[in-house]
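Tertiary structure, described
Listed below, chain by chain, are the residues.
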Amino acid sequence: MAAGYLDILRARQAARLLTGTLVGRLPNGTASIAIVLFVRAEGGSYSIAGALAAVYGLATAVGQPLLGRAVDLYGQPRVQLPAAVVSALGMAVLAVAGTGSLALAYAAVAVAGLFTPPLEGGLRALWPSVLGGEERVHRAYAMDAVAQEIMFTAGPLLVTLLVALWSPATALLVINAIGVLGALSVVLSEPSRAWRSAPREAHWLGALRSPGLLALLGSFFFVGLALGSITVAAMAYADDRGRESVYGWLMAALGLGALLGGVVYGARQWAGAPERRLRVIVALLAVGYLPLVLTPGPVAMTVLAAVSGVFLAPAVACSFIVVDRHAPRGTVTEAFSWLVTTFGVGAAVGTAVAGPAVELGGTAWSFAVAGAGGVAALLVLLATGSVLAAPARTAVAVHGSENDRNGAVEPGFSSGHQA
C-alpha cells in the first residue's frame, strides 16, 4: 500500500495539494479543542465552552455547502482564499477580546465558522484531474482519510504545545495563521486555478435532491455527534485526573487509532457494494465507543480512546465513495461540503450536549453521549438500506473527463453517471 501512496504523491501537484489542504484545514480540525482550552483558561464553564464550540460548528455547517456551491459556480481561488482570511480574522477577534463580552465571542466564532473554506471537498474535486484513473482516485480517497488522521493526531498535540509554551490565545492566532498559508498554497496551484465543475442541472436543492446522499448525511450527523461529545468529555476526564496534558493524549490517541485503521483499510481493494460495507464499519465504530463510559485510569483510557478511533478513517473513506455514487452530477464540491456540514452539525450538538452532561451526571455521562451517537448512526444506515442500495445515476461518465468529479469509484463498480 505504501507503494500505491507513493505513486499518488509522485503525481504532479498531488503532494502540494494534499499538504496544503491539510494545513489549511488545521484551524477547523483543532477549533473545538482550541476553543475549549481558551474558554477554560478565561475562567468560563464547560457549558460556555461547549456552547461556543457548538456555535462554531453550526456556523461551519451553514457555510460549507454555501461556499461549496460557490466554488462549483465560480472556481476555487475566488472563494477559498478570501474565506480563509475572514475565518482567521474571526478567531483573532476571539483571541484578542476574550470572553468578557459573550456576545462578541459568539459573533467571532460564528464568523470564523461561517467562512471556513471548503478545502476538504475542494481537494476531492481535484483528484480526478490530477490523478486520472479510477483506481488511483480511490486510493487517494483512502490516503486522504489517513492523512486527515495525521492532522487530527498532531493537531491536538500542537495546540496543547502552543498553550504550554505561550497561551491559549496564542494557539488560536498561530493555528489560524498557518491555516491561511495552507489555503494560499492550494489556490495558487495550477490544478486549483484550472479546475471547473462539471455542468449541473439547475435545482435549488443542489446535491440534496439525492435520497441516498440524504441517508448518508443522516448517519454521519450522529458520527459527528459522537466525536463532538468526546471533545468535551475528554477535557472533563483530564480535569478529574488533575492533568491537563491527558486531554491532548486522549485526543491524539483517538486520531492515532483512526490513522492505523485507515492504513489497514486502504491496504486492499474491497469487493461488494460500499454501502453494505459502510454499515459494517459503522457498527464496529459504535461498538468501539461504548467502553469509554468505564473511564478507567489514564493509561487504560488512552488505549480505549485509540481503539474507539480505529474504524473512523475507514468509515470516512468509504463514505467518500458513497457520496460519489449518489451525488448529482455537477455538485462536486457542494456534495462533499454537505458531508462536512452534517458532520459539523453533529459535532456541535455533541459538544453542546456533553457539557451539561458532565455537570449533571459526571464524565461517564458525557462519554455515554458518544456511544449513543455511534448506535444512532448505525440505525440510520439500517433504516435507509433500500435507498442507499440504489445510486440515483444509472449511466457511466466519460472516463478521465478533466472536470468530472464523479468519475471515481471503487474497483468493481460502474459509477452510475450520465456521459
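Attention here is on the structure that accompanies the text. Just so we're clear, the structure is a prediction, and the values are computed from it rather than from any experiment. (Residues numbered from 1 in each chain as written. Predicted model: local features only at pLDDT ≥ 70, side-chain atom pairs only at ≥ 80, totals over all residues. Heavy atoms only, no water.)

Let's shift gears to a nonpolar patch on the surface. A cluster of nonpolar side chains, namely Val 62, Leu 66, Val 111, Leu 114 and Phe 115, defines an oily patch on the protein surface of about 390 Å² accessible area. Of all the secondary structure elements, the ones that give two or more residues to the nonpolar patch are helix H4 (46-74) and helix H6 (102-114). Along the chain, the position of Phe 115 falls in the loop between H6 and helix H7 (119-131). Of the residues examined, Phe 115 reaches a relative accessible area of 31% and is grouped as partly exposed. (Patch = residues over 30% accessible without salt bridge, like charges linked within 9 Å, V, L, I, M, F, W, Y side chains within 5 Å. Areas by Shrake-Rupley, 256 points an atom, 1.4 Å probe, with all protein chains shown as cover. Salt bridge = Lys/Arg side-chain N within 4 Å of Asp/Glu carboxyl O. Helix = DSSP H or I, 4+ residues; strand = E, 2+ residues; numbered from the N terminus. Buried < 20%, exposed > 50% of the residue type's maximum accessible area, 1.4 Å probe, protein only.)

Moving on, we get to the packing of aromatic side chains. Enumeration according to the criterion identifies two aromatic pairs in this entry. Taking the centre distance of 4.9 Å and the plane angle of 85° together, the rings of Phe 221 and Phe 222 count as edge-to-face. For Phe 221, a relative accessible area of 21% corresponds to the partly exposed category. (Phe/Tyr/Trp six-rings, centres within 6.5 Å; stacked < 30°, edge-to-face > 60°.)

Counting residues in hydrophobic clusters, the biggest one holds 114 residues, and the most contacted among them are Ile 35, Leu 94, Trp 127 and Leu 278. In terms of residues, this core owes the most to one element, helix H11 (residues 211-241), which gives 16 residues. Filtering out sequence-adjacent residues up to four positions away, Leu 278 remains in contact with Leu 216, Phe 220, Ala 315, Cys 318, Ser 319, Val 322 and Leu 381. (Core = buried A, V, L, I, M, F, W, Y, C linked by side-chain atoms within 4.5 Å. Contact = heavy atoms within 4.5 Å.)

Tracing the backbone shows Thr 231 in helix H11. Non-local contacts of Thr 231, meaning those with residues more than four positions away in its chain, are made with Ser 32, Ile 33, Tyr 247 and Met 251.

These results come straight from atomic positions and should not be treated as a statement about function.
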